[in-house]
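# Remarks on the overall topology
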Amino acid sequence: MHKLRLAFIAAAVLAISFTSCKDKFIDPVQENFVKDTTAISAYAKAKGLAVLEALYGVRYVVTQANPTGKFPALADELEFTYTITRLDGTVIDVAARDTSIFFPFGLNAMLPGLETGFSKIREGEKAIFLIPSYVAFGTREAVDGKLPANSPVRFDVNLKRARSEDQQIESFVERGKYSVTEKQTTGLRVIKTLAVPAGAALIDGQTVTVKYSGRLLRATKPFDSGTIDVPLGRGNVVAGFETGLKSLRVGEKGILVFPSSLGYGLRGRLDPTTNIVTIPPYAPLAFEVEIVSAK
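Notes on the structure in this doc start here. (Residues numbered from 1 in each chain as written. Predicted model: local features only at pLDDT ≥ 70, side-chain atom pairs only at ≥ 80, totals over all residues. Heavy atoms only, no water.)

In terms of regular secondary structure, the protein chain is built from five helices and 15 strands. The buried share of the protein chain, reckoned over its 295 residues, is 43%. For the protein chain, the share of sequence-separated contacts (at least 6 apart) that also reach a separation of at least 24 residues comes to 67%. Accessible surface for the protein chain amounts to roughly 15,100 Å². Of this, 52% is attributable to carbon and sulfur atoms. (Helix = DSSP H or I, 4+ residues; strand = E, 2+ residues; numbered from the N terminus. Buried < 20%, exposed > 50% of the residue type's maximum accessible area, 1.4 Å probe, protein only. Contact = heavy atoms within 4.5 Å. Areas by Shrake-Rupley, 256 points an atom, 1.4 Å probe, with all protein chains shown as cover.)

Take the nonpolar core next. Counting 34 residues, the largest nonpolar core has Leu114, Phe118, Phe129 and Phe155 as the members making the most contacts within it. Secondary structure elements with two or more residues in this core: strand S3 (77-86), strand S4 (91-95), strand S5 (101-104), helix H3 (112-118), strand S6 (126-131) and strand S7 (153-163). With five residues, the single largest contributor to this core is S7. Core analysis: the second largest hydrophobic core is formed by 22 residues, Val210, Val238, Leu248 and Val289 among them. (Core = buried A, V, L, I, M, F, W, Y, C linked by side-chain atoms within 4.5 Å.)

Bringing the pairing of strand S15 (residues 285-294) into the picture now. Judged from the nine bridges that link them, strand S10 (residues 207-216) and S15 form a sheet pairing that is antiparallel. Across the sheet, valine 210 pairs through a bridge with isoleucine 291, a residue of S15. (Pairing = 2+ DSSP bridges.)

Within a regular strand, the side chains alternate between the two sheet faces. Counting buried residues in strand S12 (residues 253-258) gives five out of six residues, a clear majority hidden from the surface. Sheet analysis places strand S9 (residues 189-194) next to S12, joined by five bridges and oriented antiparallel. Counted as the bridge partner of isoleucine 191 is isoleucine 255 from S12.

So, on to the packing of aromatic side chains. One pass over the structure, following the stated rule, counts eleven aromatic pairs. Ring geometry for phenylalanine 33 versus tyrosine 134: centroids 5.7 Å apart, planes at 80°, classification edge-to-face. Here the residue phenylalanine 33 occupies a position in helix H2 (residues 28-47), and tyrosine 134 occupies one in the loop between S6 and S7, the gap between them amounting to 101 residues. When the centroid spacing of 5.6 Å and the interplanar angle of 35° are considered together, the rings of phenylalanine 172 and tyrosine 178 count as tilted. Each member of the aromatic cluster is reached from another via a ring pair, and the members are Phe80, Tyr82, Phe118, Phe129 and Phe155. Geometry around phenylalanine 102 places arginine 218 over its ring, the cationic atom sitting 3.6 Å from the centre. (Phe/Tyr/Trp six-rings, centres within 6.5 Å; stacked < 30°, edge-to-face > 60°. Lys NZ or Arg CZ within 6 Å of the ring centre and 35° of its normal.)

Pairing in this open sheet of six strands is antiparallel, and the strands run S8-S9-S12-S15-S10-S11 from one edge to the other. The open sheet has two edge strands with one neighbour each: strand S8 (182-183) and strand S11 (224-231). Bridge count for S12 against S15 is six bridges, and the pairing is antiparallel. If you follow leucine 256 over to S15, its bridge partner there is phenylalanine 287.

With respect to the helices and strands, threonine 116 occurs in helix H3. Given the relative accessible area of 9%, threonine 116 is considered buried. Residue contacts for threonine 116: discarding those within four places in its chain leaves Ala54, Leu55, Tyr56 and Val58.

What follows is about the pattern of salt bridges. Evaluation of the coordinates by the stated rule reveals 15 salt bridges. Arginine 189 is paired through a salt bridge with glutamate 170; the nearest N and O atoms lie 2.4 Å apart. Here arginine 189, found in strand S9, pairs with glutamate 170, found in helix H4 (residues 165-176); they are 19 residues apart in sequence, far enough to count as distant. On the basis of relative accessible area, glutamate 170 is assigned to the partly exposed category, the value being 36%. What emerges from the salt-bridge pattern is a single network uniting Glu77, Glu79, Arg163 and Arg218. (Salt bridge = Lys/Arg side-chain N within 4 Å of Asp/Glu carboxyl O.)

Positioned with a positive phi, asparagine 108 is a non-glycine residue whose angle comes to about 60°. One non-glycine residue with positive phi stands out, namely lysine 177, at about 55°.

Encoded structure:
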């Protein structure tokens, strides 16, 4: 996994106070904020950048506009490339050309300052973000020690796409070169990979034994797999899974792809043992299934 991806995920929004409560107390976050924003303003002036101001002291300028592009919406999947540079001009990390990064927007999955910058640009635009340290990499060294602690940074970004859940599903189908057997108005797609026309149809009231493997649309490994008995019509599993099963027959195999509204919604899912998020909020899902039997 690219080093920056881990840094994005590990980043957290810090609670800050911009006023001092004690006469001689200097809030280190406030002090760094002033230092960073002063340095950023001087840098922008020296480089002739006509920057605009966003939240948290972030400055930005669009370097290639796309006036007809859409702004990212909550939970859109952002596809982008970047170059990270220290304000002294040292390039410290690059993901460019074909090395796209993918992150959900508005769910605190990336650096707060980076997410703030993306809120100001459109799909298809390039921009420069100048980000104070407290909403960048904070008080730790980053990028293999190439960025000292408490350092403001410059991101040059190219926002290639901002995909809605439906667009993410369409992209999944396109990448896999799948043929969709059935598309429902809810957004559920059924991709039949093994047809058994003589197999028994599935109806409510039956208990269906299903082999399954579920994953996020860009994941290479499943978040869950096994064999399960599903009593149809009782809502014991997420709606996209149960509804998709009913489109198959005994003996058939398929891939069920559906939006988060038919899955785990805005809450996502935690692993009950580790308490780690296995399914993020607003995540569309894909399940490979095989209908073993029904009774």
